[in-house]
Amino acid sequence: MTIAEINSIALIWIGIALVLVPVQLKVTAPYGRHSTNQWGPTLPYRTGWILMEIVSPLMFCIFFLSGNGDKPAFAWIAAGLWACHYLNRSLIYPFRAKMGGKRIPLAISGSAIFFNSVNGFLNGYYLGNLASTYPGNWLFSWPFWLGLTLFILGFGINLQSDNSLISLRKPGETGYKMPQNGLFRWISCPNHFGEIIEWSGFAVLCWNLPALSFAAWTAANLIPRAISHHHWYKAHFDNYPAERKAVIPFVL
Ligand SMILES: NC(=O)c1ccc[n+]([C@@H]2O[C@H](COP(=O)([O-])OP(=O)(O)OC[C@H]3O[C@@H](n4cnc5c(N)ncnc54)[C@H](OP(=O)(O)O)[C@@H]3O)[C@@H](O)[C@H]2O)c1
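If you're wondering where the values come from, they're calculated on a predicted model, not measured in any experiment.

*Asks:* Requested: an account of the nonpolar core, with residues and values cited.
*Replies:* Among the nonpolar cores identified, the biggest contains 59 residues, and Ala78, Phe202, Ala203 and Ala215 are the most heavily contacted of them. For this core, the element with the highest residue contribution is helix α7 (residues 209-236), accounting for twelve residues. Residue-level mapping places this core at the junction of two domains, with at least three residues from each of domain 1 (31-136) and domain 2 (141-252). Non-local contacts of Ala215, meaning those with residues more than four positions away in its chain, are made with Trp199, Ser200, Phe202 and Ala203.

*Asks:* For helix α3 (residues 73-96), give the residues involved together with the corresponding values.
*Replies:* Between its first and last C-alpha atoms α3 spans 33 Å; for 24 residues at 1.5 Å apiece the expected length is 34 Å, and the two agree. Of all the bends in α3, the greatest, near 35 degrees, is centred on Arg89. Residues of α3 that are buried make contact with α2 (45-65), α4 (106-129), α5 (142-168) and α6 (190-206).

*Asks:* Tell me what's going on with unusual backbone geometry, and back it up with residues and numbers.
*Replies:* Not every positive phi belongs to a glycine, and Trp207 is a case in point at roughly 50 degrees. Considering the arrangement of structural elements, one finds Trp207 in the loop between α6 and α7. The phi dihedral of Phe250 falls on the positive side, at around 70 degrees, and the residue is not glycine. For Phe250, the position within the fold is in the segment after α7.

Cut-offs used in this document
Residues numbered from 1 in each chain as written. Predicted model: local features only at pLDDT ≥ 70, side-chain atom pairs only at ≥ 80, totals over all residues. Core = buried A, V, L, I, M, F, W, Y, C linked by C-beta atoms within 7 Å. Buried ≥ 20, exposed ≤ 12 C-beta atoms within 10 Å, placed from the backbone. Helix = DSSP H or I, 4+ residues; strand = E, 2+ residues; numbered from the N terminus. Domains from an automatic or database assignment. Contact = placed C-beta atoms within 7 Å. Expected span 1.5 Å × (residues − 1). Bend = angle between axes of the 7 residues up to and from the residue.

Rendered as structure tokens:
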């Protein structure tokens, strides 16, 4: 596949993410606190989660490692970041999160498998086949270092916020408490905020359309979800802090 071809697919993919934003703002993905029983057959939450997340690193690795382009050091670093994130998200996080007994609609897991497959393919293919088209000094360029810094910052915020949420429940508990720590003082969903910064950083670091498409999809998925969470908190906690925003401190 040529750069022009993969860029065309990535542009269409970005277009689909943008078109779906109004839908995602209206219809909240029905898992976690927004679960309903109107979305057909379901899977155990943890099984559904692992299945839908593991496809991303698998697709990335298959297309990165089988790619026949030169793989400069920056491409291996980008691949390592992808693998690190998804090792946590697909195999560590679901065993730490208190998912006890909950279920997830097959439709959500299935659509996430498709979404994660496309993202893993586009990014793994690009870096595995086309990394030699970058300037030879990309590892020392400002986008690489700015992007890496943002990625690490976002990853840290995401991990710390996931940890805070996990620690809200004692073993066996399934209900919701008001989070108070760290960035939760300013926003309802710092885990989503961190994830958006992380993949925006990856897009800057890679400076290619597949990485930009994943950053766009992450924002398109998580901003509406964070807004729904925020409304849910305000509806369920009388004393919810009025100054707290949904996902971007002081802004949204
Ligand atoms: N890149 C992407 O497009 C994408 C898409 C989706 C998710 N993600 C990432 O995957 C991770 C999980 O996402 P998510 O949307 O499931 O996050 P979430 O709704 O904030 O839930 C995270 C975990 O914390 C629990 N939890 C949340 N609020 C709680 C509270 N107030 N009290 C007690 N427990 C609480 C949830 O339980 P329940 O499940 O029982 O509500 C769940 O186990 C996040 O880090 C997110 O950034 C990324």
